[in-house]
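If you want the building blocks of each chain, they are given just below.
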Amino acid sequence: GLSQLWLAIVSGACLYLPGGQPTQAGLSRWLGGATGLPTIPSKLRFLYELGARPDARLITLAGQSAEQDTRKLFASVQSSATYMYFYGLTEASTRVLWLGHEEFFQRPRATGRPIRGVRAWVEADGELWVDGPNVAAGYLDDPAATAVRFPEGKLRTGDYFELDGDLFSYMGRVDGIFKRFGEKVIPEQVEAAIQSHPDVLKCLVTPELGPGGESVP
């Protein structure tokens, strides 16, 4: 995204964009010269599992949840890099919450706290709402969708969060939650538990559907 460009401009850095499909040797070569690495957690994990060791002084992570086992892997890699973790949406100029290096590892469930000038809170149903100068005015030529997503100029993120002190923790998508035997099921939590097994790479949790396509209670 454009955040990488802004980061380079503000810091006076040279932005390098490797083209095509880099080989493992090519990745290791250009990573060795990078002082800053903006990426997503799964891509950094992939690089580490390949044996690549970036020399970056700053690693920024966004665009994806960083699960506890992923953070443990990052912590186990000998690196002097400072990690910064962000949560955001296109509808809020891409950044809403941030988490610093120490808390990223010490609070493995935490997603972050609001960036300066932004107000965020969790409604009774668990949905995270956002208000601030970074929130978009709405969707172009779509007043119906705007009314639903931006009531009174505030942003409904559609994401389910919990608040622990001054830190928000991402739990899953509000529209993905379902009930099973009367208990609320957050698919992302179940998937994370299953994927913590060393023999499981990826999994997907969905509700059981009845004959008519409805969720089985």
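For the structure itself, consult the block above.
This one's a predicted model, so the numbers in the text were calculated from it and none came from an experiment.

K.L.:
Can you walk me through the sheet that holds strand 9 (residues 167-173) in this structure?
P.N.:
Neighbouring strands of a sheet are bound in pairs by backbone hydrogen bonds; such pairs are parallel or else antiparallel. Read from one edge of the open sheet, four strands run 6-7-8-9, paired in antiparallel fashion. Strands at the two margins of the open sheet, each flanked by one partner only, are strand 6 (119-122) and strand 9. Strand-to-strand twist in this sheet, taken as the mean axis angle between neighbours without regard to direction, amounts to 50°. Here strand 8 (residues 155-164) pairs with strand 9 via six bridges, running antiparallel. Across the sheet, the residue bridging to Asp 159 is Arg 173, located in strand 9.

K.L.:
What exactly am I supposed to notice about the packing of aromatic side chains here?
P.N.:
In this description, an aromatic ring pair is defined by two values, namely the gap between the centres and the angle between the planes. Inspection of every chain in the model, using the stated rule, returns eleven aromatic pairs. Judged by centre distance (6.4 Å) and plane angle (80°), the ring pair of Phe 161 and Phe 168 falls under edge-to-face. For the pair formed by Phe 161 and Phe 168, the shared burial category is buried. One aromatic cluster in this structure is built from Tyr 48, Phe 74, Tyr 83, Tyr 85, Phe 104 and Phe 105. Above the face of the Trp 98 ring, Arg 113 is positioned so that its terminal group lies 5.7 Å from the ring centre.

K.L.:
Explain the sheet that holds strand 5 (residues 113-114) to me, please; I cannot follow it from the model alone.
P.N.:
With respect to topology, five strands assemble into an open sheet ordered 1-2-3-4-5, the strand pairing being mixed. In the strand order of this sheet, the two ends are held by strand 1 (36-39) and strand 5, each with one partner. Note that strand 1 and strand 2 (residues 58-61) share four bridges and pair parallel. What sits directly across from Gly 36, in strand 2, is Leu 58.

Reading the values: rules and limits
- Residues numbered from 1 in each chain as written.
- Predicted model: local features only at pLDDT ≥ 70, side-chain atom pairs only at ≥ 80, totals over all residues.
- Heavy atoms only, no water.
- Pairing = 2+ DSSP bridges.
- Helix = DSSP H or I, 4+ residues; strand = E, 2+ residues; numbered from the N terminus.
- Axes fitted to C-alpha atoms, helices over the stretch in contact; angles between N-to-C directions.
- Phe/Tyr/Trp six-rings, centres within 6.5 Å; stacked < 30°, edge-to-face > 60°.
- Buried < 20%, exposed > 50% of the residue type's maximum accessible area, 1.4 Å probe, protein only.
- Lys NZ or Arg CZ within 6 Å of the ring centre and 35° of its normal.

That's the geometry; what it means functionally is another story.
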